[in-house]
Amino acid sequence: MSELGCPPGPTNTTGPAGGRLGVAVRTFAELLPRWREWKPALRTPGADLLSGLIVALVALPLALGFGISSGLGAATGLTTAVIAGAVAAVFGGSRFQVSGPTGAMTVVLVPIVGQYGPTGVLAVGLIAGVLLVGLAFAGVGRAVRYMPAPVIEGFTAGIAVVIALQQVPSALGIQGAEGEKVWQSAVDAVRRFAESPSILTPAVALAVAVTILLGGRYFPRIPFSLVAVAAATVAARAFDLSIARIGTIPSGFSPPTLNFVHLGDLTSLIAPALAVAALAALESLLSATAADSMAVGTRHNPDRELFGQGLANIAAPLFGGVPATGAIARTAVNVRSGARTRLAALTHALILAAIVYLASSLVAEIPLAALAGVLLATTVRMVETASILAIARATRADTVVMVATFLVTVVFDLVTAVAVGVGFAAILALRAVAKSARIEQIPLDEVGDHLAEEHELLREHIVAYRIEGALFFAAAHRFLLELADVSDVKVVILRMSRITALDATGAMVLQDAIAKLEHRHITVLISGVKPEHLRPLESLGVFTTKDSEQRQLFATTPEAIDYARAIVISDSRHSAAPKDPR
């Protein structure tokens, strides 16, 4: 009928399939860019264009350096900064985030390059991009807020050390340093340098690093990384210094080099792709969170940020780029340079693209030692000494988590480090929660006028306990030992209104403790159980005896005390009655 001009009937979206489709459509719509985000940029673009230029000047040597450190060359780093930077600027969840190749990602990519080659790295990036898009639809972005601070600080400090170790061969002028791990390559480079030392290359790297650190401290608005690299390049050219240079940079983007990957090879790439996706999600969300703290009145959308980073990592490999993430250093420069909208990050990518096309011959003359100096200075800036010292002074547990994360990052890899750090933090947190759970005796709070003899009788035969905290697997058995020590009473009242969490183990241990008390002919009364705790207790039969009789359950503790008083007084009267002489 609709083909004849009649309006179509209503679409049924109330069923399970329709409901899921509606949710998926709404979720996808929430992840897409919005026109209102670009209106302020079009009205007054000046501040964003200037900020984008400054960020591009800072990002240029970093993109070249990280491209070389990844093992795929300087052109790959520039391509990644252009493609991923532009896509993430449009589709990402933060208006200040600047994306591109980063040191943390480089650390992950080096072993992948060694094992699978350049094509494998591009395939890993593509798969990781698809995974990030899936995480965005799953709403995983909000999980980063649960990352413990000691893990983040240990992770960041470890990355800084690994990046610094990566630069040792270039800073010393050693090519082809051997070693499966980064620290092994650094040791080999130092050994070979000691055999035939040359001061020129290390002097260039050191001069660039010192210039960046001192200049950035006293004149933070000047892009000293570009100034130092330009000066080193001019000096090397003018004096014809025999130090290694970047080499040929194609005047334009490299053609797509993502070749066909066989199914067998694809399955072997899943594990490294998961590692890349996890790191990209973690670093991008942490960077976006940091941008929110630096800017006033802004808040990023974490799921949309994952969506934008996913699209960026899908697009970059198609042009020969490596996996990318949000870059905290470039994002910070963007915010501090006065950026207002996403146009600044997009401008940064477009300026880098112009450099690729127009100044590739100049870029090719940059000494590798100069880029090593840039990255060494970057590692110094990455480490927040004040935060590390504050965490170290906080608690011993936080120190253990931070140090463990740091060591695993340096010795093994980043994803393992995060897993170990979070695992340590979780174990220590469970330990702290378990220790906070306790059981303590409370006064009976007798109500009404009773004889002193009756008060004494109640105190002798009734004991009330208040259980506080989380009664779960880590604390349950200690609780059982404490409760099982109760003796010489007739009634035990368990006040459970202050239990904050209860799992199946806690419920089973509670049932076992009650059964042991009743086996010794002690009546157990329960009061104040929260509604959310009723289900596990009922399902495990805590309220039912072995003879299928109901245990007494009371809404309030005074009600339980009154009932216990009645039991004790009744038993005392029964025992005091004269026995039948017959």
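Computed from a prediction, not measured in an experiment: that's the story for all the values here.

Caption draft 1: A look at helix 13 (residues 328-336). Inspection of helix 13 places R330, T331, A332, N334 and V335 among the buried residues, and these make up the whole buried set. Looking one or two places after helix 13, you find G338, whose phi comes out positive at around 95°.

Caption draft 2: Fine view of a positive patch on the surface. A cluster of like positive charges, contributed by K39, R43, R95 and R340, occupies part of the molecular surface. As for its position among the elements, K39 is in helix 2 (residues 39-43). Note on K39: relative accessible area 39%, which makes it partly exposed.

Caption draft 3: Structural view of a nonpolar patch on the surface. On the surface, L206, V210, L214, Y218, F219, I222 and V227 cluster together into a nonpolar patch covering about 690 Å² of accessible area. When residues of the nonpolar patch are assigned to their parent elements, the largest contribution, four residues, is made by helix 8 (residues 200-218). With respect to the helices and strands, the residue V210 is situated in helix 8. For V210, a relative accessible area of 37% corresponds to the partly exposed category.

Caption draft 4: Here's a closer look at the sheet that holds strand 5 (residues 491-502). Within the open sheet, the five strands sit side by side as 3-4-5-6-7. Their pairing is mixed. Two strands in the sheet have a free side with no partner beyond their single neighbour: strand 3 (438-442) and strand 7 (552-554). Within the sheet, the average angular offset between the axes of one strand and its neighbour, ignoring direction, is 25°. As judged from the five bridges shared by strand 3 and strand 4 (residues 462-471), these two strands associate in the antiparallel manner. Opposite I439, over in strand 4, you have I467 as the bridge partner. Across the sheet, helix 22 (residues 504-519) is in contact with strand 4, strand 5 and strand 6 (523-527); its angle to strand 5 comes to roughly 175°.

Caption draft 5: Here's a closer look at the pairing of strand 5. Across nine bridges, the pairing between strand 4 and strand 5 is parallel. Note that in strand 5 the partner of A470 across the bridge is A501. For strand 5 and strand 6, the ladder comprises five bridges, and the chain directions are parallel. Counterpart to I493 in the pairing with strand 6 is L525. For the handedness criterion, the β-α-β arrangement of strand 5, helix 22 and strand 6 is classed as right-handed.

Caption draft 6: Expanded view of the environment of A404. Checked against the element boundaries, A404 lands in helix 18 (residues 396-411). Once the C-alpha coordinates of A404 and P150 are considered, the two residues, 254 residues apart in sequence, prove to be 9.6 Å apart.

Caption draft 7: Main features of helix 4 (residues 74-91). Compared with the 26 Å implied by 1.5 Å per residue over 18 residues, the 26 Å span of helix 4 between its first and last C-alpha is a close match. Counting buried positions along helix 4 yields 15 of 18 residues, so the element is predominantly enclosed.

Caption draft 8: How the structure looks around the environment of H348. When you line up the elements, H348 lands in helix 14 (residues 343-358). Between the C-alpha atoms of H348 and A81, which are 267 residues apart in sequence, the distance is 8.9 Å. Setting aside its immediate chain neighbours within four residues, H348 contacts G52, V55, A56, A59, A81, G85, V98 and S99. At a separation of 3.0 Å, a polar atom in the side chain of H348 contacts the main-chain carbonyl oxygen of A345.

Caption draft 9: The arrangement of the packing of helix 6 (residues 149-172) against helix 7 (residues 182-195) in detail. The N-to-C vectors of helix 6 and helix 7 enclose an angle of 25°; their axes lie 8 Å apart at closest approach. Comparing their axes, helix 7 and helix 6 come out roughly parallel. Viewed along their axes, helix 6 and helix 7 form a crossing whose handedness is left-handed. Counting all contacts with helix 6, which are made through V162, L165, Q166, V168, P169 and L172, the residues of helix 7 involved are V182, W183, S185, A186, A189, V190 and F193. The residue inventory of the contact of helix 6 with helix 7, partitioned by class, reads eleven nonpolar, two polar and no charged.

Reading the values: rules and limits
Note on numbering: residues in each chain are counted from 1, in written sequence order. This being a predicted model, a pLDDT of at least 70 is required before a residue's local features are given, and a value of 80 or more before pairs of side-chain atoms are given or counted; all residues contribute to the totals for chains, interfaces and linings. Values reported for side chains reflect all heavy atoms of the structure, with hydrogen atoms and water molecules removed beforehand. Accessible area is worked out with a 1.4 Å probe on protein chains only. A residue is then buried under 20% of its type maximum, exposed over 50%, and partly exposed in between. Under the scheme used here, helices are H or I runs from DSSP no shorter than 4 residues and strands are E runs no shorter than 2 residues, and both carry numbers assigned from the N terminus. Only residues above 30% relative accessible area that lack a salt bridge enter a patch, with like-charged residues linked at up to 9 Å and the nonpolar side chains Val, Leu, Ile, Met, Phe, Trp and Tyr linked at up to 5 Å. Areas reported as accessible are Shrake-Rupley estimates using a 1.4 Å probe. Residue values count occlusion only from the protein chains shown. Any Lys or Arg side-chain nitrogen located within 4 Å of an Asp or Glu carboxyl oxygen qualifies as a salt bridge. Charge counting treats Lys and Arg as positive and Asp and Glu as negative, with His and both chain ends excluded. Taken as the charge location is NZ of Lys, CZ of Arg, CG of Asp or CD of Glu. Two strands qualify as a pair provided that DSSP identifies no fewer than 2 bridges between them. The convention used is that axes are lines fitted to C-alpha atoms, helices contributing only their stretch in contact, and that angles between N-to-C directions extend from 0 to 180 degrees. Every residue pair with non-hydrogen atoms within 4.5 Å of one another is taken to be in contact. When the strands point away from the viewer and the path from the first strand over the helix to the second turns clockwise, the crossover is right-handed. By this rule, a helix spans an expected 1.5 Å times one less than how many residues it contains. Pairing of N or O atoms within 3.5 Å defines a polar contact, subject to two protein rules: one partner must be a possible hydrogen donor and the other a possible acceptor, and residues neighboring in sequence count only if both atoms are side-chain atoms. When an angle is under 35 degrees it counts as roughly parallel; over 145 it counts as roughly antiparallel; between 65 and 115 it counts as roughly perpendicular; any other value is oblique. With the far helix as reference, a near helix turned anticlockwise by less than a right angle produces a left-handed crossing, and one turned clockwise produces a right-handed crossing. Under the scheme applied, nonpolar residues are Ala, Val, Leu, Ile, Met, Phe, Trp, Tyr, Cys and Pro; charged residues are Asp, Glu, Lys and Arg; polar residues are all the others, including Gly.

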